[in-house]
Amino acid sequence: MTSITAGISDKYELVVGLEVHAQLSTLSKVFSSDSAAFGAGPNEHISAISLGHPGTLPKLNKKAVEYAVKMGLACNCTINLNNTFARKNYFYADLPKGYQITQDQKPICLGGSVTVRLADHTKNIAIHHIHLEEDAGKSMHDQHHADSLIDLNRAGVPLIEIVTEPDMRSSEEAGQFLTEIRKLVRYLDVCDGNMEEGSMRCDANISVRIKGQTTYGNRCEVKNLNSIRNVQRAIEHEFERQVNIIENGGHIDQNTLNFNADTGETSVLRSKEMANDYRYFPEPDLTPLALNQEYLNKISASMPVLPNALYNKYTTELGLSDYDAGVITADKDFALYFEALIANTDNYKAAVNWLMGSIKSYLNDNGSSISDFKLKPETLAGLIKLVDSGNVNNTVAAQRLFPELVKNSDKNAADLATELNLLISSDNNDVSRFINDAIAKYPDKVLEYQKGKKGVLGLFMGEIMKSSKGKIDPQKTNQLLIKELESK
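What you see is a predicted model, and the numbers here were worked out from it, not measured in a lab. (Residues numbered from 1 in each chain as written. Predicted model: local features only at pLDDT ≥ 70, side-chain atom pairs only at ≥ 80, totals over all residues. Heavy atoms only, no water.)

Q: Any chance you could explain the side chain of Asn205 here in plain terms?
A: Relative to the assigned elements, Asn205 resides in strand S12 (residues 200–210). Separated by 3.0 Å, the side chains of Asn205 and Glu19 make a polar contact. If near-sequence neighbours (up to four positions away) are discounted, Asn205 is found in contact with Val15, Val16, Gly17, Glu19, Arg219, Cys220 and Glu221. (Helix = DSSP H or I, 4+ residues; strand = E, 2+ residues; numbered from the N terminus. Polar contact = N/O pair within 3.5 Å; in protein donor to acceptor, adjacent residues only side chain to side chain. Contact = heavy atoms within 4.5 Å.)

Q: What should I look at first to understand the pairing of S12 in this one?
A: Extensive coverage of S12 is indicated by the burial of 10 of its 11 residues. Bridging between strand S1 (residues 12–23) and S12 involves 11 bridges; their strand directions are antiparallel. In the sheet register, Glu13 faces S12, and the bridge partner there is Arg209. Note: S12 against strand S13 (residues 220–225), 4 bridges, orientation antiparallel. Following the sheet pairing, Ala204 is matched in S13 by Val222. (Buried < 20%, exposed > 50% of the residue type's maximum accessible area, 1.4 Å probe, protein only. Pairing = 2+ DSSP bridges.)

Q: Can you help me understand the side chain of Glu161 in this one?
A: Of note, Glu161 is situated in strand S11 (residues 158–164). Of the side chains bearing the opposite charge, Lys88 lies closest to the buried Glu161, which forms no salt bridge; the N-O distance is 5.6 Å. A distance of 3.1 Å separates polar atoms of two side chains, one belonging to Glu161 and the other to His21. Leaving out residues up to four positions away in the same chain, Glu161 has contacts with Glu19, Val20, His21, His129, Ile130, His131 and Glu133. (Lys, Arg positive; Asp, Glu negative; His and termini not counted. Salt bridge = Lys/Arg side-chain N within 4 Å of Asp/Glu carboxyl O.)

Listed below in C-alpha cells is the structure:
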C-alpha cells in the first residue's frame, strides 16, 4: 500500500469507536453451573445447557450481574434497573445453540465515560452502553490436517461488552482507553484483563472523513484484536488504507476485517452485519432482570478506590509528579503496596523512590510481582525512618541493608542495621580520624583543592566512605571535610 503524504492525511479526520469484550472472573458460566475456569482440556467444562440441548433452561449468574454493575459504576454509567435479555441469531460452528444470549434493547449500563491521559491533555471518552452476554466456543483450525475442531469450554462464559461512542480521534486515544479499561477491570477484580489469553478482546470500528465534516464515513470493523499495540497498529493501517481509497476515487465498503499481526495489514472477512441481520428477539426463557437502588448502593460501598481517584490523590494531596502517580496506579497490587507504605511514613517521595528504584529492580531481576514481594510495607517504612533520622545513609540502606531485609523479612530495619553494624557512628573522633586519614593519603590533592580545584572533594569522600564502611553521615562529613581542607 502506498503511504499517504502528511499534506493529504492532514485533510482527514480519523473516527474510532471500540467494542471491548471482558470475560468476567466468575467461577461458573453465565447461564449454567459449568466451570468458567481457563485452561482445562477440550470440552471438559460442558453440560446439556452449554451444548444447547432441547428442553434445557438458562439461569442467570448473580455474580456476573454484580460484576457488570461494578464496571458500570466505575465507568460513570447509569445502571438500568429494568433490563432484559435477547437472542442474537447467527450460525457459527462453535455457537452450539445457533444463537447467543445477550442484551439488546435494555442493557445493564447506559452512557458513562472513561477519562484518558494523553501526552498533552486529558479527554473523556464517552460510552454508549455496557451489556451482559455469553461467549461462544472456540474453533481450532490447526489441530487436524483436514478438519476444524471445536472446544466448547468457553461457550457460555460470561462477558461484558463495553461499547464506546465514536469518540476517539487517534490510535493513542484508543490505546489509552484500553489501558484504562484494563486497569479498571483489574482494580475491580471482575476480569484479569489478559488480552493474550483472550479474556479481554477488542473490536475497532474505524472510519475517516474530511476535517470539519459532521457526518461519519462508512466504517470497517476490525475483529478480535488481542493486544493494545495491535489495536493501535490496525487503526493506523486502516486510516492510511481508507484515505488512499478515497483519494483515488474509490468507495469504502462497510466490511468486517481481520488484522494480520505479522504484516500489520487488514483483510476482508465478510460484509459487515447490521443489527437486523441478527434477527434479535426477546429471550423467552429468561425473565426481565429487576434491580433496585439498595442493591446498587451495596455494590458501590464494596468497591475499592479506583486508579483515577488514587492518581488525583497522589498528585494533589501528596504532591507527587504525574509520572510517579501514573506508574504507581498502573498496577493495582503496586498501588495497594504504596497505600500501605504511606500509612506508615509521611516521606512520600522517599516511598516512591524506593518503589521505583530498589524494589522494581529486585522484582525485575527475580521475575516476580509486587504481590509476591516478602518485605512488608511497614518494614520498608522503618528503613525510610532510619535514613530520615540519619542513622543509616542512603547508599548503605540501598546496597547493604535492603537486600538483607528482603532475605530476613521477619526482622525490622533498626534491629537488622544494629546486627550488621551499619548504624552511622555518632562519635566525632571517628569521623575526624577518617577525614584525616584520607587527607594524609592524598597530599597532592590537598594542594589542588587549595588552588581552587573543588572537584577533588569527591575523591576524599569516596575514600572516607570506603574506610568508614558507609557508617557516616555524608552531608555532615562533607561539611567537616571542607572545613578541614580549608584550614590547611
